[in-house]
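Examining the three-dimensional arrangement
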Amino acid sequence: MSAAIITSDKVVPMTSGSAATPVRAANEAVPVAPPVVAAAPREPRTPVSEILLNIFKAVFPPIAGMVLLIAVWALLAGSGGSIPGPLPVWEAAKVLFADPFYNNGPNDMGIGWNVLSSLQRVGVGFGFAALVGIPLGFIIGRFAFMNAMLDPIISLLRPVSPLAWLPIGLLVFKQADPAATWTIFICSIWPMIINTAVGVQRVPQDYMNVARVLDLSEWKIVTKILFPSVLPYMLTGIRLSIGTAWLVIVAAEMLTGGVGIGFWVWDEWNNLKVEHIIIAIFVIGIVGLLLEQCLLLLARRFSYGNS
């Protein structure tokens, strides 16, 4: 026996075998179940023990190294030598850094002023070296004739000790401060020239061929092709130069006098304050470490591997 279902516009017959499931009209919308969206898998949380282990691996080795250094230092001081131990140096450091920027005249200034004076000399000499050395490195690396002409001069002058240039600076400038700056300039310029030139020479030849096909100007070649490729080499030269400059300024100031960390060390030796000399050694090392770390961060910032 057949039946019928009355819809809004027509009668739809229904057979006896489909009594439980009515047949929908052709124009009736069929409901569609919403798609099942799989929940994104949660990232597994790092266990607290693993975090503590990573912190331990990062912190413990440097602390162990410093403890070993202090232990060896204390052992040498306690063996009857004239080197003061860690405790006397610590007490002297607390007094010294209680007022590091006092100023009682040009011959009696705090250690802070001496460090800033040395950094100023390093900054001026290093800045002039960068202004001369980096463009010269581009020229040497870019043009084979300039490379052949200047390579013997660089090879001859680069091994000369920076302090050997100090008397030349005193002869030319007649003053100790610009002579020390000149020494920083001459010792800082070689790493920047050499590393920049090597970076230019290692630019892939395909890049230069494309520039030749596009008929780019020399300025476009330098700014769009050479400079981005040479930047990591250039930053390496800058980092080497700043380390050398900070090493040389201490020795130069010992010879020239005036205000500076090198002169301060020599003056404290004349006053037989060995504790202050050891403090100055740590200060010089910390400042040099900070300068190098800042340049390392800058180099990583412009490294292609981290971009």
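Look above for the structure.
Computed from a prediction, not measured in an experiment: that's the story for all the values here. (Residues numbered from 1 in each chain as written. Predicted model: local features only at pLDDT ≥ 70, side-chain atom pairs only at ≥ 80, totals over all residues. Heavy atoms only, no water.)

Describing the side chain of threonine 183
Threshold: Helix numbers and strand numbers start at the N terminus; a helix is a DSSP run of H or I with at least 4 residues, a strand a run of E with at least 2. Exposure categories follow from relative accessible area, calculated using a 1.4 Å probe and restricted to protein chains: below 20% of the type maximum is buried, above 50% is exposed, and the middle band is partly exposed. In this description, contact between two residues means that some pair of their heavy atoms is separated by no more than 4.5 Å.
For threonine 183, the location among the structural elements is in helix H6 (residues 176-201). For threonine 183, a relative accessible area of 0% corresponds to the buried category. Leaving out residues up to four positions away in the same chain, threonine 183 has contacts with Pro162, Trp165, Leu166 and Val248.

So, the packing of aromatic side chains
Stated formally: Ring geometry is summarised as follows: Phe, Tyr and Trp rings, the Trp one being its six-membered ring, pair when their centres sit within 6.5 Å, and such pairs are stacked at plane angles under 30 degrees, edge-to-face over 60 and tilted between the two.
Tallied over the full model, the rule gives five aromatic pairs. Ring plane angle 85° and centroid distance 5.2 Å describe the contact between phenylalanine 101 and tryptophan 113, whose orientation is recorded as edge-to-face. Here phenylalanine 101, found in the loop between helix H2 (86-96) and helix H3 (111-142), pairs with tryptophan 113, found in helix H3; they are twelve residues apart in sequence, far enough to count as distant. By relative accessible area, which is 43% here, phenylalanine 101 ends up partly exposed. Grouped by ring-pair contacts, the aromatic residues Trp165, Trp182 and Phe185 constitute a single cluster.

Some words on the packing of H3 against H6
For the record, the criterion: Lines fitted to C-alpha atoms define the axes here, with helix axes fitted over just the stretch in contact, and angles between the N-to-C directions of these axes take values from 0 to 180 degrees. Should an angle lie under 35 degrees it is considered roughly parallel, over 145 roughly antiparallel, and from 65 to 115 roughly perpendicular; all remaining angles are considered oblique. Crossings are assigned a handedness: left-handed for a near helix turned anticlockwise from the far helix by less than a right angle, right-handed for a clockwise turn. Classes in brief: Ala, Val, Leu, Ile, Met, Phe, Trp, Tyr, Cys and Pro nonpolar; Asp, Glu, Lys and Arg charged; the others, Gly included, polar.
The geometry of H3 relative to H6 is characterised by a closest axis approach of 6 Å and an angle of 30° between their N-to-C directions. Compared by their axis directions, H3 and H6 come out roughly parallel. For the pair H3 and H6, the crossing hand works out as right-handed. Taken together, the residues of the contact of H3 with H6 sort by class into 19 nonpolar, eight polar and three charged.

Side note on H6
What counts, and what does not: Multiplying 1.5 Å by the helix residue count minus one yields the expected span of that helix. The seven residues ending at a residue and the seven starting there each receive a fitted axis; the angle between those axes is the bend at that residue.
Between the first and last C-alpha of H6 there are 39 Å, a value that for 26 residues agrees with the 38 Å anticipated at 1.5 Å per step. At isoleucine 189, H6 is deflected by roughly 25°, the largest bend along its length, and proline proline 191 occurs up to four residues later in sequence. Counting buried positions along H6 gives 19 out of 26 residues, so the element sits mostly inside the fold.

Some thoughts on helix H8 (residues 218-256)
Across its 39 residues, H8 extends only 44 Å between first and last C-alpha, which sits more than 12% below the 57 Å expected from 1.5 Å per residue. Along H8, the helix axis deviates most sharply at phenylalanine 227, where the bend reaches about 55°; the proline proline 228 sits within four residues downstream. In the stretch just after H8, glycine 257 is the one whose phi turns positive, near 80°.

A closer look at the nonpolar core
The nonpolar side chains of a soluble globular protein tend to be buried with one another. Definition in use: Definition used in this section: a nonpolar core is a set of buried Ala, Val, Leu, Ile, Met, Phe, Trp, Tyr and Cys residues joined via side-chain atoms within 4.5 Å.
In this structure, Ile238 and Ile261 are the most contacted members of the largest nonpolar core, which totals 57 residues. If you list the elements that add at least two residues to this core, you get H2, H3, helix H4 (144-157), H6, helix H7 (205-213), H8, helix H9 (261-270) and helix H10 (274-301). Of all the elements, H8 adds the most residues to this core, at 15 residues.

Considerations on a nonpolar patch on the surface
The condition that has to hold: Patch membership is restricted to residues that have no salt bridge and whose relative accessible area is over 30%. Joining uses 9 Å for like charges and 5 Å for the nonpolar side chains Val, Leu, Ile, Met, Phe, Trp and Tyr. Each accessible area is a Shrake-Rupley estimate made with a 1.4 Å probe; only the visible protein chains count as cover when residues are assessed. Any Lys or Arg side-chain nitrogen located within 4 Å of an Asp or Glu carboxyl oxygen qualifies as a salt bridge.
On the surface, Val48, Ile51, Leu52, Ile55, Val59, Ile63 and Val67 cluster together to form a nonpolar patch covering roughly 620 Å² of accessible area. Within the element layout of this structure, isoleucine 51 appears in helix H1 (residues 48-78).

Notes on the pattern of salt bridges
Enumeration according to the criterion identifies five salt bridges in this entry. One salt bridge connects glutamate 91 with lysine 94, and the closest N-O pair in it is separated by 3.4 Å. Of this pair, glutamate 91 and lysine 94 both sit in helix H2, three residues apart, which is roughly one turn of the helix. Judged by relative accessible area, lysine 94 falls into the partly exposed class, the value being 43%. Between arginine 239 and glutamate 292 there is a salt bridge, and its shortest N-O distance comes to 3.3 Å.

With respect to the environment of isoleucine 70
Topologically, isoleucine 70 is positioned in helix H1. Overall, isoleucine 70 belongs to the partly exposed group, its relative accessible area being 40%. Between the C-alpha atom of isoleucine 70 and that of proline 86, which follows or precedes it by 16 residues, the distance is 7.0 Å.

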